[in-house]
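Spelled out, the chains give:
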Amino acid sequence: MAHSPFVFVAVGALISYFLYTRITLYLARQRMIKENGCQPCATVFNKDPFFGIDVIRMMVRNSKKHIVLQENQKRFETHGKTYWTRAVTLPIIATCEPENVKTILSLKFKDYSFGNRKTAFGPLLGHGIFNADGERWANSRHMLRPNFTRDQVADIDAFERHVKLMLKHIPRDGSTVDLQELFFRLTIDTATEFLFMHSTNSLRMVGQEDEHNEDVIFGKAFNYAQEDITTRLRFGIFDRFRKNERGEEAIQICHRYIDRFVDDALKFRRELDEEKRTGTSKDDKYYFIQEVAKQTTDKKRIRDELINILLAGRDTTASLLSNMYFQFSKKPEIYAKLREEVASLDGRAPTYEELRNLKYLKYCLNESLRTHPVVPGNSRFAIRDTVLPLGGGPDGQRPLFVPKGTMVGYSPYSMHRRKDLYGSDADEYKPERWESLRPNWEYLPFNGGPRICLGQQYALTEASYVTVRLVQEFSQIESRDPGPWEEGLTLTCCSLNGVKVGLTPA
Ligand code: HEM
């Protein structure tokens with residue numbers, strides 16, 4: 001059968017178009033490489049050049065042994081501060097260079113997005129701040145930012161109420177308690193009160209949990225939905241083939257639970273509008289959910305934002321407290337020094353200003369976030385061809401070309417433990433080093449640039465308050481865990497074996 005000349009013309013045009021786009025892309029990239037003085041990265045860390053199967057196997061092995069972070073650190077020490085690798089079809093640049101991290105998060109912020117994170121987080125988080133890019137993210141940030149000013153995050157009375165409940169569960173006869181479990185309960189209770197005007201009150205239910213209580217059901221569902229995000233991330237593009245009824249049900253439970261509070265906030269907004277119209281005044285105490293409802297009446301939008309902040313803020317603060325108390329239990333002399341500083345309060349609960357003036361406490365928190373950052377690894381996805389300032393050339397000191405579609409993974413954990421930046425004792429927990437330490441981008445527990453953590457002050461205020469109150473109540477801490485700290489790595493990082501300690505009442 002003779003082919004119509006049109007078929008030949010069409011095929012010819014397609015091939016020409018394909019060649020043209022390839023050649024122009026190649027030439028544009030060569031120009032960019034030349035103009036920026038880029039050189040190829042000296043280290044490629046994968047033996048299987050097509051799918052990086054060896055790298056995936058290694059990650060799975062390390063994850064099972066709970067040594068992901070220390071092995072990442074070793075890899076940077078052996079292969080250089082920036083290297084290439086790949087996972088299935090995804091090319092990856094891994095880096096622990098502060099200059100590169102600054103470039104990704106700040107200087108060339110617009111060259112990157114979140115990549116596949118959105119697919120994994122989407123079912124639970126929708127389009128809220130933590131899971132949005134571009135205009136949508138800017139809009140969320142603009143809307144939420146005013147809710148994180150000093151007055152809002154310094155609700156010391158609320159912290160005190162919850163700490164009091166926590167103290168009830170700490171044995172006063174020196175028997176062993178897992179502080180980590182209590183810290184996780186405390187932060188979900190304070191965060192839900194801060195966000196929804198309704199606390200899960202999980203500390204009231206220790207040891208007597210009613211399976212039918214909706215706060216209990218929500219707490220469990222939220223934990224499960226969060227763990228499931230880690231599984232989604234691990235499965236990547238194959239997640240769609242996974243049967244996951246329990247995960248989907250957990251998400252439904254979380255959404256239904258929060259919707260109730262959103263309905264209340266929208267009712268409040270309608271009443272407020274009515275009062276404005278009629279000129280009657282209203283109690284103007286600040287409540288997070290009501291402030292958001294003043295700015296939008298979109299029910300799903302409000303729920304998305306709230307659940308995003310709950311996810312961003314709950315495990316992180318609990319993990320910071322847990323990691324720090326693990327160190328205290330192994331180095332009781334640090335705890336003793338902290339007690340000396342806190343003695344200046346004469347046993348009184350501190351005010352916000354007093355908390356801020358406790359220097360050694362600040363050093364302890366900073367140091368915990370340095371040696372055990374609760375977000376120890378992160379990544380961004382190049383949405384256009386771009387350049388990193390370091391990583392190219394035999395010594396990694398030349399600029400490196402980053403083709404569109406590359407994932408750039410960065411590791412605060414490895415960066416925070418670089419001996420050339422923090423000294424030969426970089427792996428050790430030593431709060432005193434903060435007397436003279438003034439780090440810049442080499443210290444990044446809360447991220448940097450336009451997407452820097454919004455809850456930093458809230459987290460530090462809560463962690464400081466809880467620490468002071470515990471230090472006031474107990475004169476000594478003793479570790480009941482013979483082993484060293486091991487990573488408990490999910491979306492955030494806490495201690496795998498909890499924080500088992502014995503405490504002596506003051
Ligand atoms: C020790 C505690 C905390 C640490 C270490 C921490 C760390 C971080 C990090 C590393 C990010 C950047 C994530 C990324 O862009 O990939 C982030 C973002 C964020 N955090 Fe925190 N966080 C903490 C506590 C909190 C708390 C208590 C809240 C709220 C009450 C909060 C709210 C947020 C929000 C809303 C974002 C998203 C900001 C944006 O994308 O514009 N965080 N946090």
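Here, the structure is the one placed above.
Residues numbered from 1 in each chain as written. Predicted model: local features only at pLDDT ≥ 70, side-chain atom pairs only at ≥ 80, totals over all residues. Heavy atoms only, no water.

Caption draft 1: Representation of the coordination of the iron atom of the ligand. Only one protein atom coordinates the iron atom of the ligand: Cys 453 (SG), located 2.3 Å from the metal. Mapped onto the fold, Cys 453 is located in the loop between α18 (419–422) and α19 (456–473). (Donors = N, O, S within 2.8 Å, 3.2 Å for Na, K, Ca; no water. Helix = DSSP H or I, 4+ residues; strand = E, 2+ residues; numbered from the N terminus.)

Caption draft 2: Fine view of the packing of helix α2 (residues 53–65) against helix α3 (residues 68–79). In the contact formed by α2 and α3, the axes pass within 8 Å of each other and the chain directions differ by 135 degrees. One way to sum up the angle between α2 and α3 is to call them oblique. Here α2 contributes Met 58, Met 59, Asn 62 and Ser 63 to the contact with α3, which in turn contributes Val 68, Glu 71, Asn 72 and Arg 75. Grouping the constituent residues of the contact of α2 with α3 by class yields three nonpolar, three polar and two charged. (Axes fitted to C-alpha atoms, helices over the stretch in contact; angles between N-to-C directions. Parallel < 35°, antiparallel > 145°, perpendicular 65-115°, else oblique. Contact = heavy atoms within 4.5 Å. Nonpolar A, V, L, I, M, F, W, Y, C, P; charged D, E, K, R; others polar.)

Caption draft 3: A nonpolar patch on the surface, seen in detail. On the surface, Val 7, Val 11, Ile 15, Phe 18, Leu 19, Ile 23, Tyr 26 and Leu 27 cluster together to form a nonpolar patch covering roughly 770 Å² of accessible area. Looking at the secondary structure, you find Leu 27 in helix α1 (residues 5–35). (Patch = residues over 30% accessible without salt bridge, like charges linked within 9 Å, V, L, I, M, F, W, Y side chains within 5 Å. Areas by Shrake-Rupley, 256 points an atom, 1.4 Å probe, with all protein chains shown as cover. Salt bridge = Lys/Arg side-chain N within 4 Å of Asp/Glu carboxyl O.)

Caption draft 4: Representation of the packing of helix α10 (residues 214–235) against helix α13 (residues 299–330). Between α10 and α13, the shortest axis-to-axis distance is 12 Å and the interhelical angle comes to 85 degrees. The angle between the axes of α10 and α13 places the two elements in the roughly perpendicular class. Contacts from Phe 218, Phe 222, Asn 223, Gln 226 and Ile 229 of α10 reach α13 at Ile 307, Leu 310, Leu 311, Arg 314 and Asp 315. Here the residues of the contact of α10 with α13 are counted per class, giving six nonpolar, two polar and two charged.

Caption draft 5: Structural view of the site of the ligand. Residues in close proximity to the ligand total 25 residues, the closest being Arg 117, Trp 137, Arg 141, Arg 380 and Cys 453. Within the side chain of Arg 117, an N or O atom sits 2.7 Å from an oxygen atom of the ligand. Measuring from an oxygen atom of the ligand, one finds a side-chain N or O atom of Trp 137 at 2.8 Å. Among the elements of the structure, α6 (134–144), α13, β5 (378–382) and α19 are those that each provide at least two residues to the shell around the ligand. When residues in the shell around the ligand are grouped by element, the largest group, six residues, is from α13. For the shell around the ligand, the per-class residue count stands at 15 nonpolar, six polar and four charged. (Near = heavy atom within 4 Å. Polar contact = N/O pair within 3.5 Å; in protein donor to acceptor, adjacent residues only side chain to side chain.)

Caption draft 6: Representation of the environment of Pro 171 within the structure. Summarising the element assignment, Pro 171 is placed in the loop between α8 (156–167) and β4 (177–178). What makes Pro 171 partly exposed here is its relative accessible area of 22%. Expressed as a C-alpha distance, the spacing of Pro 171 and Lys 81, which sit 90 residues apart in the sequence, is 46 Å. If near-sequence neighbours (up to four positions away) are discounted, Pro 171 is found in contact with Thr 176, Val 177, Phe 474 and Leu 503. (Buried < 20%, exposed > 50% of the residue type's maximum accessible area, 1.4 Å probe, protein only.)

Caption draft 7: Region of the structure containing the nonpolar core. Membership of the largest hydrophobic core comes to 103 residues, with the highest contact counts inside it found for Leu 124, Phe 288, Tyr 325 and Phe 328. The element that contributes the greatest number of residues to this core is α13, accounting for 13 residues. (Core = buried A, V, L, I, M, F, W, Y, C linked by side-chain atoms within 4.5 Å.)

Caption draft 8: Local environment of the pairing of strand β12 (residues 500–505). Pairing between β4 and β12: two bridges, direction antiparallel. Across the sheet, Asp 178 pairs through a bridge with Lys 500, a residue of β12. Where strand β9 (residues 474–479) lies against β12, five bridges are found, and the strand directions are antiparallel. If you follow Ser 479 over to β12, its bridge partner there is Val 501. (Pairing = 2+ DSSP bridges.)

Caption draft 9: Seen up close, the sheet that holds strand β3 (residues 112–113). Read from one edge of the open sheet, five strands run β1-β2-β8-β5-β3, paired in mixed fashion. Edge positions in the open sheet fall to β1 (82–87) and β3, since each of these has one partner strand only. Looking at chain direction, β3 and β5 are connected through two bridges and run antiparallel. Among the inter-strand pairings, Tyr 112 is bridged to a residue of β5, identified as Ala 382. Of the strands in this sheet, β1 and β2 (90–95) are in contact with α3, which crosses β1 at around 125 degrees.

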